[in-house]
Amino acid sequence: MKNLTFALFCLAFFACNDGTEMQSKIQDMEKQLADATAKSEAAATEQTTQPGLIHTVFFWLKADLTEEEKAAFLQGVQSLRSIKHIKACYIGPPAPTEERGVVDNSYSFALINHFDDVAGQDAYQVDPIHLKFVEDHKDKWTKVVVYDNLVTY
């Protein structure tokens, strides 16, 4: 921030003939910078605080699955993305993060879906694509854990 203020000062100094005009230019530029920063922060906050429901599913796959069965499972999970009620969908294995007592990386895959509301999640549960996924792949896992939470702030 200090470097930016100094740059604005230099720009105003060379662009202006007297101190009053220079001070006015500096104040204008600082206000523009503050406004741009506030808009950027507001946009970032808005982007990360969209209300809705987050549906997180953890799958523990059977240890003896073939590569073909694992690929079929992953393709099945990816098919869920086409369900119209899902706003955003993320799929992946555990991250190779630092081991800590509060972190459980024992699962095989996680599915995270963002819905507008509980009604969207309810519709997802009975969607034919979801029902087909469960029917086609329920024999591939030993355990499934679901966490649903509301996004309120």
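Residues numbered from 1 in each chain as written. Predicted model: local features only at pLDDT ≥ 70, side-chain atom pairs only at ≥ 80, totals over all residues. Heavy atoms only, no water.

A. Spatial organisation of the pattern of salt bridges. Using the criterion set out here, one finds five salt bridges in the structure. Across the salt bridge formed by D116 and K87, the nearest N and O atoms sit 3.3 Å from each other. Placement of the pair is D116 in the loop between β3 (109-115) and α4 (118-126) and K87 in strand β2 (residues 86-92), with a sequence separation of 29 residues. D139 is the partner of K140 in a salt bridge, and the nearest nitrogen-oxygen pair spans 4.0 Å. Residue D139 is classed as partly exposed on the basis of its relative accessible area of 47%. (Salt bridge = Lys/Arg side-chain N within 4 Å of Asp/Glu carboxyl O. Helix = DSSP H or I, 4+ residues; strand = E, 2+ residues; numbered from the N terminus. Buried < 20%, exposed > 50% of the residue type's maximum accessible area, 1.4 Å probe, protein only.)

B. Main features of the side chain of T56. Position of T56 among the secondary structure elements: in strand β1 (residues 52-61). Look at T56 and you get buried, because its relative accessible area is 12%. For T56, the residues in contact, after removing those within four places along its chain, are L111, I112, V145, V146, Y147 and D148. (Contact = heavy atoms within 4.5 Å.)

C. Spatial organisation of the packing of α4 against helix α5 (residues 128-137). Where α4 contacts α5, the two axes come as close as 5 Å, and the packing angle between them is 50 degrees. Viewed along their axes, α4 and α5 adopt a mutual orientation that is oblique. Residues Y124, Q125 and V126 of α4 lie in contact with α5, whose contacting residues are P128, H130 and L131. Taken together, the residues of the contact of α4 with α5 break down into four nonpolar, two polar and no charged. (Axes fitted to C-alpha atoms, helices over the stretch in contact; angles between N-to-C directions. Parallel < 35°, antiparallel > 145°, perpendicular 65-115°, else oblique. Nonpolar A, V, L, I, M, F, W, Y, C, P; charged D, E, K, R; others polar.)

D. The packing of aromatic side chains, seen in detail. This structure, assessed with the given rule, holds eleven aromatic pairs. Look at F73 and F109: their rings are 5.9 Å apart centre to centre, the planes differ by 50 degrees, and that puts the pair in the tilted class. One end of the pair, F73, is in helix α3 (residues 67-79); the other, F109, is in strand β3, and 36 residues separate them in sequence. Looking at F73, the relative accessible area reads 0%, which means it is buried. Between F133 and W141, the ring centres sit 5.9 Å apart and the planes meet at 35 degrees, which makes this aromatic pair tilted. Per residue, the accessibility class of F133 equals that of W141, and both read buried. (Phe/Tyr/Trp six-rings, centres within 6.5 Å; stacked < 30°, edge-to-face > 60°.)

E. Representation of α5 in the model. Considered for burial, the residues of α5 that qualify are H130, F133 and H137. Around the axis of α5, the buried residues are gathered within 60 degrees of arc, so they sit on the same side. Seen from the buried face of α5, the exposed residues on the opposite side, beyond 90 degrees, are P128 and K132. Measuring from the backbone nitrogen of I129 back to the side-chain oxygen at the start of α5 gives 2.8 Å, which picks out D127 as the cap. (Arc of directions from axis to C-beta. Polar contact = N/O pair within 3.5 Å; in protein donor to acceptor, adjacent residues only side chain to side chain.)

F. Structural view of the nonpolar core. With 17 residues, the main nonpolar core has F59, F73, L111, Y124 and F133 as its most contacted residues. Looking at this core, the elements with two or more residues in it are β1, α3, β2 and β3. Looking at this core, the element that brings in the most residues is β1, giving four residues. (Core = buried A, V, L, I, M, F, W, Y, C linked by side-chain atoms within 4.5 Å.)

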